Amino acid sequence: GSGQFEFVVSTDSGFAVFENNSDDSAETNNAARLIRTSAADLSVQGLRVTSAAIAAGDTVTVEWTDRNDGAAPTPAGWSDRVIVRNLGSGEILLDRAVAYDPTLTGNSALAAGGTLARSTSFTLPDGQRGAGQIQVQVIADANTSGQSALPEFTPAGDRAENNNSATIAFTSAQRSYADLRISQ
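What counts, and where the lines are drawn
Residues numbered from 1 in each chain as written. Predicted model: local features only at pLDDT ≥ 70, side-chain atom pairs only at ≥ 80, totals over all residues. Heavy atoms only, no water. Helix = DSSP H or I, 4+ residues; strand = E, 2+ residues; numbered from the N terminus. Buried < 20%, exposed > 50% of the residue type's maximum accessible area, 1.4 Å probe, protein only. Contact = heavy atoms within 4.5 Å. Areas by Shrake-Rupley, 256 points an atom, 1.4 Å probe, with all protein chains shown as cover. Salt bridge = Lys/Arg side-chain N within 4 Å of Asp/Glu carboxyl O.

(A) Region of the structure containing the overall build of the protein chain. Each helix and strand counted, the protein chain has zero helices and nine strands in total. If you list the helices and strands of the protein chain from N to C, you get β-β-β-β-β-β-β-β-β. Buried residues in the protein chain amount to 35% of all 184 residues. Relative to all contacts within the protein chain whose residues are 6 or more apart in sequence, the contacts with residues 24 or more apart total 72%. On the protein chain, roughly 10600 Å² of surface is accessible, and the fraction owed to carbon and sulfur atoms is 49%.

(B) Fine view of the pattern of salt bridges. Using the criterion set out here, one finds eight salt bridges in the structure. Between Glu63 and Arg48 there is a salt bridge, with the nearest N and O atoms lying 3.4 Å from each other. Remark: Arg48 occurs in strand β3 (residues 42-49) and Glu63 occurs in strand β4 (residues 59-68); sequence separation between them is 15 residues. A relative accessible area of 27% places Glu63 in the partly exposed class. Residue Asp80 is joined to Arg118 by a salt bridge in which the shortest nitrogen-to-oxygen separation is 3.0 Å. Of this pair, Asp80 sits in strand β5 (residues 78-86) while Arg118 sits in strand β7 (residues 115-123), placing them 38 residues apart in sequence. For Arg118, a relative accessible area of 8% corresponds to the buried category. A network of salt bridges, in which partner residues are shared, links Asp66, Asp80 and Arg118.

This is the structure:
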């Protein structure tokens, strides 16, 4: 399993042995507690747009790297959520989950300290909807509802769900379109 684990070892839990010391704490020091974390901690690194000049209606490819900064390999598959928004209008143009299945041929769990190259392509809408400042956000280990599939902790044992995203923006040019007219 993965997550945060607590181990407690107790001696003389039934108080069957009489104990005494100079601090009069002999019965209260019979347990030891150890907390260890064994979990992945995914983050998005190197988010970039690979297309050079972008205009409305173009297909855009984004690439990024998932990095596991946790203390254990990923225990299962996950999805990275890709959200594309037109910053001028506020419209969400794309909300997609890009799945990774470690059980598929050629895939495997992402080891602690390991990286995995990821990418997806999408087509911007034609016209004003696909022009202007466009933002791409990638959130590791999130589906399109924002839910996580993996328990994530830092090696120090802190929850690690708030370090999973990266954002970039680019300018998409307005494209000239045909203006057909009827003449008589």
